[in-house]
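Fold and geometry: a report
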Amino acid sequence: TGLVTSSLTLSILRFFIGLGGSTFVMCQYWSTSMFTKEVVGTANALVGGWGNLGGGVTQIVMGSALFPLFKLGMSPELAWRTVA
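Residues numbered from 1 in each chain as written. Predicted model: local features only at pLDDT ≥ 70, side-chain atom pairs only at ≥ 80, totals over all residues. Heavy atoms only, no water.

Let us now look at the overall build of the protein chain. Helix and strand content of the protein chain: 4 helices and 0 strands. In the protein chain, the order of α-helices and β-strands from amino to carboxyl end is α-α-α-α. Scaling as 2.2 N^0.38, a compact globule of 84 residues should have a C-alpha radius of gyration of about 12 Å, whereas the protein chain reaches 18 Å, well beyond that. With respect to the principal axes defined by its C-alpha atoms, the protein chain has extents near 55 × 35 × 10 Å. Counting over 84 residues, the protein chain shows a buried share of 11%. Surface exposure of the protein chain reaches about 6,700 Å², of which carbon and sulfur atoms provide 72%. (Helix = DSSP H or I, 4+ residues; strand = E, 2+ residues; numbered from the N terminus. Rg over C-alpha atoms; globule rule 2.2 N^0.38 Å. Buried < 20%, exposed > 50% of the residue type's maximum accessible area, 1.4 Å probe, protein only. Areas by Shrake-Rupley, 256 points an atom, 1.4 Å probe, with all protein chains shown as cover.)

Turning our attention to the side chain of glutamine 28. Tracing the chain through its elements places glutamine 28 in helix H2 (residues 23-34). Judged by relative accessible area, glutamine 28 falls into the buried class, the value being 18%. In this view, glutamine 28 contacts Asn44, Val47 and Gly48; residues no more than four positions away in its chain are not counted. (Contact = heavy atoms within 4.5 Å.)

A separate point is the environment of alanine 79. Along the polypeptide, alanine 79 turns up in helix H4 (residues 76-83). As for alanine 79 and proline 68, which are separated by 11 residues in sequence, their C-alpha atoms are 9.4 Å apart. Setting aside chain neighbours within four positions, we find alanine 79 in contact with Leu66, Leu69, Phe70 and Met74.

Right, let's get into the packing of aromatic side chains. In the structure shown here, the tally under the stated rule is 2 aromatic pairs. Ring geometry for phenylalanine 15 and phenylalanine 16: centres 5.2 Å apart, planes at 75 degrees, overall edge-to-face. Across the pair, phenylalanine 16 and phenylalanine 15 agree in class, each one exposed. (Phe/Tyr/Trp six-rings, centres within 6.5 Å; stacked < 30°, edge-to-face > 60°.)

Looking now at the packing of H2 against helix H3 (residues 40-71). Two elements in contact, H2 and H3, have axes separated by 9 Å at closest approach and are oriented at 160 degrees. The orientation of H2 relative to H3 falls into the category roughly antiparallel. As for how H2 packs across H3, the hand of that crossing is right-handed. Contacts between H2 and H3 involve Phe24, Cys27, Gln28, Ser31 and Thr32 on the former and, on the latter, Val40, Asn44, Val47 and Gly48. (Axes fitted to C-alpha atoms, helices over the stretch in contact; angles between N-to-C directions. Parallel < 35°, antiparallel > 145°, perpendicular 65-115°, else oblique. Left-handed = near helix turned anticlockwise from the far one by under 90°.)

What follows is the structure, encoded as structure tokens:
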């Protein structure tokens, strides 16, 4: 979001973020329709689990990258731009 300079570019960026987030729903629908009822629960659990794992890893990595910068006295506004 460091490149956002107007409300239009913010709206465009948020649109694509939302589009990326909606892929989880599409993947759940796809796995439900592609697998038989005997294994669909397992398939959906695996799909959802991998998505949650990715979100958790992102939180850990970004937290690990930003915390040392905060300890150095960097402001939050400058720290996230340094990592990105």
